[in-house]
Amino acid sequence: MNHEDKDHMTQLSKPTGNALLENAQNHMPLGVADSYRYWGENNTVFVKHTQGCTITDEDGQEFVDFRLAYGPIILGYRDTRVDQAVIKTITECGTISGFSTALDAEVIALIKQMCPNIEKMRFANSGTEAVIGAVRTARGFTGRNKIVVVEGGFHGLYDEMMWKSDVDNWDSSTQNAPQITSFGTGIPEASREHLETVPLNDFAAIDAVFKRVGDDIAAIVIEPILGNCGSIASSQAYMQKLRDMCNTHGSLLIMDEVKTGFRVAKGGAQSLYGIHADLTTYAKAMGNGYPVAAFGGRGDVMDIISFSKKGVTHGGTYTANMIALSAAKATLTLLNETDAYASINQAGADIQALLSRVFTKYGIAHQFAGPDSMFGVHFGDEVPQNYRDWKKTDSGLYTQFAHNLIKLGVMLEPDSREPWFICEAHKNVDLAWLEATADRAMAEALNTPA
């Protein structure tokens, strides 16, 4: 969300947090290690403690957390089953060696059980790294340059993917399409040379881009469910269209499942659609908060990674470190062998139901988008079908509602483009308390007695 929105949040007094921020600004730009963690001079959150589905800040305020670090927490903070597996590995083996371990293939074998779209994989350390690896592999395999991305998707913080459709400043009455702008300065114009952008669920736009540059399209990169755009989802027909177009034109379909992978289902979004990508990126939920990522897919495509002059280079000092892989193995085993998904989905469904009751009470038209484990909330009469449709929703009311929730002890991103993330630990949330809190937050947003 915009930093300006966060700076206008009305929070309780945060003397310790404010003092920590003031000190941190002597050492880091904005006083934070990640720009998106800066929520303004009086509202930047400093966490002291996490457990289950709650976080406690340095001033002692506890929050039920639906932000979950932008999605990595799938079981709960400090899940002992995962943490003990990591500690055991550190104790018995170490953290990093610069060589292979048995864990490498063990984790991939487990992923292949859950995800039939995967034949071979390589590891990475973040979603950004996974996307870089997948895109480079697609270009190496096809010998082509162009990458097609979908408006509203987010594919990491590297130059080529840091171009976006500026829907915030788009005037649909005077502009045919939003302007393509960079995330900020320092991003060379040349980095967008081979990037093509299309709206989600727009068949004509896909036909047009393939007609214009189809012989140089290496891949389409898409989040099947837009994790940075309120979980607006591709239609079944659109996903089939992309699959068919790639098959016809010799391009690769890359599904970015950094957010949806191991969160929305055992097999990720692809298992919901029944359509497989040629390459897939994973991160976030696969390690329950430990930094681990991967990309993989068809064996023949992945085998372009080699030392050959005609091969693709891939590596990284911290890639497949034992901390990350032991966390992934423990997390994926739990997701694969327990009823965690049932608990997560039930909690998500229950929370949507209580939110719907609150919105209905106040006469607010509302729609939910996406799966129960990462649902979006949109104030309007119709479920948005793409990023441009999001512009029509009442995002201002949502932001005020979210600010009030945070003040009352419910943590989320105050921007309707960010989903509500659900973890297994949310099954223990007091739903009556949450409904009463949501009711009060909406009443205050509307200046109406609860």
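Up top is the structure these notes are about.
Residues numbered from 1 in each chain as written. Predicted model: local features only at pLDDT ≥ 70, side-chain atom pairs only at ≥ 80, totals over all residues. Heavy atoms only, no water.

### A look at the overall build of the chain
The test is simple: Every helix listed is a DSSP run of H or I at least four residues long, and every strand listed is a run of E at least two residues long, numbered separately from the N terminus. In this treatment the radius of gyration is a C-alpha quantity, and the globule benchmark scales as 2.2 Å times the residue count to the 0.38 power. Buried means the residue's accessible area, taken with a 1.4 Å probe over protein chains only, is under 20% of the maximum for its type, while exposed means over 50%, and partly exposed covers the values in between.
Looking only at helices and strands, the chain features 14 helices and 16 strands. For the chain, whose C-alpha radius of gyration is 22 Å, the value lies close to the compact-globule estimate of 22 Å for 450 residues. Overall size of the chain, expressed as C-alpha extent along the three principal axes, is 65 × 65 × 45 Å. Counting only residues that meet the buried cut, the chain has 56% of its 450 residues in that class.

### Things to note about helix α6 (residues 203-213)
Rules: It is the directions from the helix axis to the C-beta atoms whose arc is reported. In this analysis, two residues are considered to be in contact whenever any of their non-hydrogen atoms come within 4.5 Å of each other. Two N or O atoms form a polar contact when they lie within 3.5 Å of each other; inside protein one atom must be a possible hydrogen donor and the other a possible acceptor, and for residues adjacent in sequence the pair counts only when both atoms belong to side chains.
Among the residues of α6, A205, I206, V209, F210 and V213 are the ones counted as buried. Taken down its axis, α6 places every buried residue within 130° of arc, on the same side. Looking at α6, the residues exposed on the side facing more than 90 degrees away from the buried face are A204, K211 and R212. Its buried side turned inward, α6 meets β5 (146-150), β8 (195-198), β9 (217-222) and α7 (236-249). Measuring from the side-chain oxygen of the N-cap residue of α6 to the backbone nitrogen of A204 gives 3.1 Å; that N-cap residue is D202.

### Quick notes on the packing of helix α11 (residues 340-361) against helix α14 (residues 431-446)
Keep this limit in mind: In this analysis, axes come from line fits to C-alpha atoms, helices being fitted only over the stretch in contact, and the angle between any two N-to-C directions falls in the range 0 to 180 degrees. The hand of a helix crossing depends on one turn: near helix anticlockwise from the far one by less than a right angle means left-handed, and clockwise means right-handed.
Where α11 contacts α14, the two axes come as close as 9 Å, and the packing angle between them is 35°. Judged by the sense of rotation from one axis to the other, the crossing of α11 with α14 is right-handed. Contacts between α11 and α14 involve D350, I351, L354, L355, R357, V358, F359 and K361 from the former and L431, L434, E435, A438, D439 and M442 from the latter.

### Focus on the packing of α6 against α7
We apply this condition: These descriptions rest on fixed angle ranges, namely under 35 degrees for roughly parallel, over 145 for roughly antiparallel, 65 to 115 for roughly perpendicular, and the rest for oblique.
Relative to each other, α6 and α7 sit at 15°, their axes nearing to 11 Å. Considering the angle they form, α6 stands roughly parallel to α7. The interaxial crossing formed by α6 with α7 has right-handed handedness. Two secondary-structure elements touch here, α6 through F203, I206, D207 and F210 and α7 through A237, Y238, K241, L242, M245 and H249.

### Remarks on the nonpolar core
Formally: Nonpolar cores are built from buried Ala, Val, Leu, Ile, Met, Phe, Trp, Tyr and Cys residues. Side-chain atoms within 4.5 Å join them into one set.
Ranked by internal contacts, the top residues of the largest apolar core, which has 109 residues, are F262, W420 and M442. Here F262 is in contact with I74, I111, M114, C115, G268, Y282, A285, M286, L332, L335 and Y341, once residues within four sequence places are set aside. Counting residues in each nonpolar core, the second largest holds 29 residues, with A124, A130, Y158 and L195 among its members.

### With respect to unusual backbone geometry
For A69, which is not a glycine, the phi torsion comes out positive at approximately 60°. With respect to the helices, strands and loops of the structure, A69 is situated in the loop between β3 (62-65) and α3 (80-92). We note that R78 has phi near 55°; this positive angle belongs to a residue other than glycine. Summarising the element assignment, R78 is placed in the loop between β3 and α3.

Read these as layout, nothing more, since geometry by itself doesn't imply function.
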